[in-house]
Every structure is written in C-alpha cells, then in structure tokens.
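As a plain string of letters, each chain reads:
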Amino acid sequence: QVQLVESGGGLVQAGESLRLTCAASGRIFRINDMGWYRQVPGKQRELVANIATDGSTNYEDSVKGRFIISGDNAKNTVILQMNSLKPEDAAVYYCNMNVYQIGWPHPSNYWGQGTRVTVSS
C-alpha cells in the first residue's frame, strides 16, 4: 500500500503565499506523474498543476505565473508553492501520484487526504 500525506494548508490574506507539501510512503518502486488538484463545494475536482518524470509541468490557466510545482522523486515528495493568492484559490487541495508499487507491474493512482486553503480578501 501507498500513503500520501499533505501539509501546509491554512488561512492567509489575499496576496500572501502558502507552500503545500505531499509526501508518499509505503511500498514504492517508482513514482510517475505527480500533481495537485483542488475542489470547492458543489464543483468537480480540478487539476491545478502536475509534473511528469521528465520535469515538464502543466498548470491550470488561472494559476500560471503564481503557482510553482516541484517534485523530488528521491524523497517521494511533491510541493506546490502558491504565491499571490486570491480568494478564488480557496479550496481543499489534494495531491495525486501515479505509483508503481514494489512487486506489482501496473501503476495505480493515489490521493492525499486533502488540505484546506482559505484566502481572505
């Protein structure tokens, strides 16, 4: 089994920054793509940013230029640096990793438990 644990959420004012961290543990052979999603009540979970094994990144349009995703495969960690936060960024943020487990030939998707980000105007 693989577990993802997120940290770093909280309450900030508009314009401030937060850093979200997600660490994976368990029977990990290799991690493929890593990403961050967010969800607000009544809406579908949406991709915020992801990073591939070659280091290429992809961002949702509204966060481009403000958020930075980085991954450390040696530490099984993905980080989302969120700058210039806006009230519309408030959501529960979830990390996601596509993982090959030791002894299993097919990768599986795993999710963190979610961390809440609140941005006051």
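Whatever comes next refers back to the structure up there.
All of these numbers come straight from a predicted model, not from anything done at the bench. (Residues numbered from 1 in each chain as written. Predicted model: local features only at pLDDT ≥ 70, side-chain atom pairs only at ≥ 80, totals over all residues. Heavy atoms only, no water.)

A. Fine view of the sheet that holds strand β8 (residues 77–82). Pairing in this open sheet of 4 strands is antiparallel, and the strands run β1-β3-β8-β7 from one edge to the other. Each edge of the open sheet carries a strand with a single partner, namely β1 (2–7) and β7 (67–72). Averaged over all adjacent pairs, the angle separating strand axes in this sheet is 15°, with direction ignored. Bridge count for β1 against strand β3 (residues 18–26) is 6 bridges, and the pairing is antiparallel. Residue pairing across strands places E6 opposite C22, the latter belonging to β3. (Pairing = 2+ DSSP bridges. Helix = DSSP H or I, 4+ residues; strand = E, 2+ residues; numbered from the N terminus. Axes fitted to C-alpha atoms, helices over the stretch in contact; angles between N-to-C directions.)

B. Representation of the nonpolar core within the structure. In this structure, W36, V78, L80, M82, Y93 and M97 are the most contacted members of the largest nonpolar core, which totals 30 residues. When residues of this core are traced back to their parent elements, those giving at least two are β1, β3, β4 (28–39), β5 (46–51), β7, β8, β9 (91–101) and β11 (115–120). Setting aside anything within four residues of it in sequence, one finds M82 in contact with E16, S17, L18, L20, R66, F67, Y93 and V117. (Core = buried A, V, L, I, M, F, W, Y, C linked by side-chain atoms within 4.5 Å. Buried < 20%, exposed > 50% of the residue type's maximum accessible area, 1.4 Å probe, protein only. Contact = heavy atoms within 4.5 Å.)

C. Representation of the pattern of salt bridges within the structure. Inspection of every chain in the model, using the stated rule, returns 5 salt bridges. Two residues, R38 and E46, come together in a salt bridge whose shortest N-O distance is 2.7 Å. Residue R38 is classed as buried on the basis of its relative accessible area of 6%. Look at E46 and you get partly exposed, because its relative accessible area is 32%. A salt bridge links D89 to R38; the shortest N-O distance between them is 3.1 Å. You can see D89 sitting in the loop between β8 and β9 and its partner R38 sitting in strand β4, a full 51 residues away along the chain. (Salt bridge = Lys/Arg side-chain N within 4 Å of Asp/Glu carboxyl O.)

D. Representation of the pairing of strand β10 (residues 108–111) within the structure. Note: β9 against β10, 4 bridges, orientation antiparallel. Pairing of M97 across the sheet is with Y110, part of β10. Counting the residues that bridge the hairpin from β9 to β10 gives 6 residues, and of these G103 lies at a positive phi of roughly 85°.

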